[in-house]
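One-letter residues, chain by chain:
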Amino acid sequence: MTNLDVLTPKQIVEELDKHIIGQHDAKKNVAIALRNRWRRMNTPADIQKEITPNNILMIGSTGVGKTEIARRLAKLADAPFTKVEASKFTEVGYVGRDVESMVRDLVESSVHLVQLSKKEAVKDKATEAVEEIILEALVPAMPKVSKKAKAEVAANPDAMPVSDEELNHKTRELFREKLRRGELEHRKIEIDVKASNSPNIGVMGGPIDEMSMMNIQEMIGGMIPKKQKKRKLTIAEARKILMEEESSKLIDMDEVKEEAIRKAENLGIIFIDEIDKIASNRSGGGGPDVSREGVQRDLLPIVEGSTVNTKYGVINTDHVLFIAAGAFHVSKPSDLIPELQGRFPIRVELQSLREEDFYRILKEPKGALTKQYEALLASENVELSFNDDALQEIASIAYNVNTEVENIGARRLQTVMSHLLNDLMFDIPDVITPNAKVVVTKELVKERLGGLVKNRDLSQFIL
């Protein structure tokens, strides 16, 4: 069904290690939680409903990898995933997002995933249909082309056509070959495309919830007849639009909705960030306590397991995995209401990044910042490389700035690298021409960044 049936907890951690440095405890716990989903699906039906996921609470300062672990985990499992910020929610009766919207976002994500896999399954049929539509725009078919004429053209493609039907068919086949070779991608054609008929509806009077609004828009949108409009596009652009339309015709949306709900219920992951912002600081201080506890009480039934209405159907959240995260600088996990604490039985403390972690972050992950900059400059035919001692110096500076100013974790590397390479990026390709080689040395790093840590006032401007 998914990658879960082949990935063991150890392999899940190894995959996460390719993208995230350190934090072994957090990776180990999420790997177990992920594998438990597969284990539950393979237990007897009577016990399956009883096994609920062990939700996880990650505690750690910003930039240590909390969100990245959850996001990579969902990608690994090909599972519906949504990230929300607890501070955006308000309790019922206040203006703002209601907590049920996170479940609706999860179902949207699930529908998108299922549609992608279904489109992949009908890709060949859709490609054939699109090819015929484009051919029809280039060389309209004659009303009647006899089977005999088609057979004669197929038997002797080099022979001179003797009738209009044969000529038409032969021309279409020549254009078909050109299309398949990609020789006509920039040629413009006129095609019929669906006009957007989603009405913008405003409601006067009392407040209306998000779910009712979506239903009203969908209902009125369904009543308005679908319109077609002509557009002049290049074949490359037309192919994208037509592929979308033809794929949609071949997919059964009812089947997609059912599968998406099932996938969201059994494999869905909701990542609730900044949960510490809705914890009431009971020890005093921390400013006014505006409906924080109310948001927690609204979150409780969702995390405990409840049914939520979405435009695709009703979803039960009993087996959705919730991963919450927060820095907990001002408040503590124990400041959350006891019922909500009990729903996050697994607590993992993520470690602050050390200097050697920064060095490894620059060097090891698949999408390391150094590799990103190398790829960016390679697009201008400029070869960029970093000496090992230069990377150690960058790591040292990032760590020191975090210590001196504000600890924002690995995000500090982005601003330090940007400060280091901005002049270089500006000079390409005018001053530094294509085929040049640029080597970042320790001396260059010290020259460009040396003053940042020494001058604390200046350090504060590095966000």
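Above this text you will find the structure in question.
Since this is a predicted model, take the numbers as computed values, not measurements.

**Some details on the overall build of the protein chain**
Looking only at helices and strands, the protein chain has 19 helices and 11 strands in total. Looking at the protein chain residue by residue over its 463 residues, the buried ones come to 41%. Sequence-distant contacts, at least 24 apart, represent 77% of the contacts inside the protein chain between residues at least 6 apart.

**With respect to the pattern of salt bridges**
Per the stated rule, a full pass over the model turns up 34 salt bridges. Put simply, K311 and E108 hold a salt bridge, and the shortest N to O gap is 3.6 Å. Taken together, the residues K311 in the loop between β6 (307–310) and β7 (313–316) and E108 in helix α5 (residues 101–121) connect sequence positions 203 residues apart. For E132, the salt bridge goes to R176, with nearest N and O atoms at 2.8 Å.

**Some remarks on the environment of V111**
Positionally, V111 belongs in helix α5. For V111, a relative accessible area of 4% translates into the label buried. In this structure, the C-alpha to C-alpha distance between V111 and K263, residues 152 residues apart in sequence, is 8.9 Å.

**Looking at unusual backbone geometry**
Cis rather than trans, the peptide bond between I428 and P429 has omega equal to 0°. With respect to the helices, strands and loops of the structure, P429 is situated in the loop between α17 (411–427) and β11 (437–440). For E274, which is not glycine, the phi torsion reads 55° and is therefore positive. In this structure, E274 sits in the loop between β5 (269–273) and α12 (292–304).

Parameters at a glance
Residues numbered from 1 in each chain as written. Predicted model: local features only at pLDDT ≥ 70, side-chain atom pairs only at ≥ 80, totals over all residues. Heavy atoms only, no water. Helix = DSSP H or I, 4+ residues; strand = E, 2+ residues; numbered from the N terminus. Buried < 20%, exposed > 50% of the residue type's maximum accessible area, 1.4 Å probe, protein only. Contact = heavy atoms within 4.5 Å. Salt bridge = Lys/Arg side-chain N within 4 Å of Asp/Glu carboxyl O.

Read these as spatial facts, not as claims about activity.
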